[in-house]
Amino acid sequence: KKMFGPVYHGTSSERFDNIIKHGFSVPIGGARTADVTHGYEISDYADGIPAPVHHLGFGVYLTTVKNIAKAYQGDGKNIKQFFVDTPRIETINFGSNRNMMKWWRNHGYDMPQLKDLYGKGIPNDEIENMRVKATLKMTENLKQKYDAVWFKGKGIRRLLDGDQICVYNPDKIYL
């Protein structure tokens, strides 16, 4: 196996206990709803198009930077080292919204511009459902090519949320 790591995952004590008992899961849904605790909210990200729900699609998000994991968890008590079996890993490091949007669209993210949706009177809850479907389509395309995508998040300053690895199959993550 080609193992990648160590990587870290920041979460609450309750969720961490659940991960240890049952393994990681991939919640799917709109941004900041139910088990999808993070995600881009609806806004013009680039070229009038909203971002996908999640930066690298639906998957388990990890990082090689312990402090980034701590930012999602708090006190750092539940920060453990994991390794990921990812022989097919894509590495990206875009600093501009336009380049990120181009990458998403090249991988199947097919959301229309917000002005067109609002012009047709489509409400935000329907737009969010469209974003979930478009993010799922992008995720499926990425899963066909890669086991994981690693966004390095490095530039003159930290880009977006910084270093993050999205793993599409939770069974490939090992404590």
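Shown above is the structure to which this text applies.
What counts as what
Residues numbered from 1 in each chain as written. Predicted model: local features only at pLDDT ≥ 70, side-chain atom pairs only at ≥ 80, totals over all residues. Heavy atoms only, no water. Helix = DSSP H or I, 4+ residues; strand = E, 2+ residues; numbered from the N terminus. Buried < 20%, exposed > 50% of the residue type's maximum accessible area, 1.4 Å probe, protein only. Contact = heavy atoms within 4.5 Å. Areas by Shrake-Rupley, 256 points an atom, 1.4 Å probe, with all protein chains shown as cover. Patch = residues over 30% accessible without salt bridge, like charges linked within 9 Å, V, L, I, M, F, W, Y side chains within 5 Å. Salt bridge = Lys/Arg side-chain N within 4 Å of Asp/Glu carboxyl O. Expected span 1.5 Å × (residues − 1). Pairing = 2+ DSSP bridges. Phe/Tyr/Trp six-rings, centres within 6.5 Å; stacked < 30°, edge-to-face > 60°. Lys NZ or Arg CZ within 6 Å of the ring centre and 35° of its normal.

A. Quick look at the overall build of the protein chain. Helices and strands together make up the secondary structure of the protein chain, namely 5 helices and 7 strands. The order of helices and strands in the protein chain, counted from the N terminus, is β-α-β-α-β-β-α-α-α-β-β-β. Over its C-alpha atoms, taken along the principal directions, the protein chain stretches across nearly 50 × 30 × 30 Å. Of all 175 residues assigned to the protein chain, the portion counted as buried reaches 46%. Contacts in the protein chain between residues far apart in sequence, at least 24 positions, make up 74% of those at least 6 positions apart. Put simply, the protein chain shows about 9400 Å² of open surface, and 48% of that area lies on carbon and sulfur atoms.

B. Here's a closer look at a nonpolar patch on the surface. A cluster of nonpolar residues, M3, F83 and Y174, forms a patch on the protein surface that exposes about 240 Å² of accessible area. Tracing the sequence through the fold places F83 in strand β3 (residues 82-85). Judged by relative accessible area, F83 falls into the partly exposed class, the value being 32%.

C. Layout of helix α5 (residues 124-145). Helix length check: α5, at 22 residues, gives a terminal C-alpha distance of 32 Å against a target of 32 Å (1.5 Å per residue), a fit within 8%. Regarding α5, the residues found buried are I127, E128, R131, V132, A134, T135, M138, T139 and L142. At its buried positions, α5 is contacted by α3 (97-106), α4 (114-119) and β5 (148-151).

D. Quick look at the sheet that holds strand β1 (residues 3-7). Sheet architecture is open: 3 strands sit in the order β1-β3-β7, paired in antiparallel fashion. Whereas interior strands pair on both sides, the edge strands pair on one side only; in this sheet they are β1 and β7 (173-174). With 3 bridges joining them, β1 and β3 adopt antiparallel strand pairing. Along β3, the bridge assignment pairs F4 with V84.

E. Main features of the packing of aromatic side chains. Throughout the structure, instances matching the rule amount to 6 aromatic pairs. Consider the rings of F24 and F82, whose centres lie 5.3 Å apart with planes at 65 degrees: the pair is edge-to-face. You can see F24 sitting in the loop between α1 (13-22) and β2 (60-62) and its partner F82 sitting in strand β3, a full 58 residues away along the chain. Between the aromatic rings of W104 and Y109, the centroid separation amounts to 6.3 Å while the plane-to-plane angle is 65 degrees, which identifies the pairing as edge-to-face. Across the pair, exposure class does not vary: W104 and Y109 are buried alike. Taken together, the aromatic side chains of Y40, Y45, W104 and Y109 make up a single cluster linked through ring pairs. Positioned above the aromatic ring of W150, the side-chain terminus of K152 is 4.8 Å from the ring centre.

F. Up close: the pattern of salt bridges. Under the definition given, this model contains 6 salt bridges. The partner of K172 in a salt bridge is D147, with the nearest N and O atoms 3.8 Å apart. With K172 in the loop between β6 (164-167) and β7 and D147 in the loop between α5 and β5, this residue pair connects regions lying 25 residues apart in the sequence. We classify K172 as partly exposed; its relative accessible area is 22%. Assessed through its relative accessible area of 9%, D147 is described here as buried. Here the salt bridges do not stand alone but share partners, grouping R88, D147 and K172 into one network.

G. Quick look at the pairing of β6. Of the two faces of β6, both are covered, the one formed by Q164 and C166 as well as the one formed by I165 and V167. With 3 bridges connecting them, β2 and β6 associate as antiparallel partners. Across the sheet, residue L62 finds its bridge partner in β6, namely I165. The pairing of β5 with β6 spans 4 bridges and is classified as antiparallel. For W150, the partnering residue across the bridge sits in β6 and is I165.

These results come straight from atomic positions and should not be treated as a statement about function.
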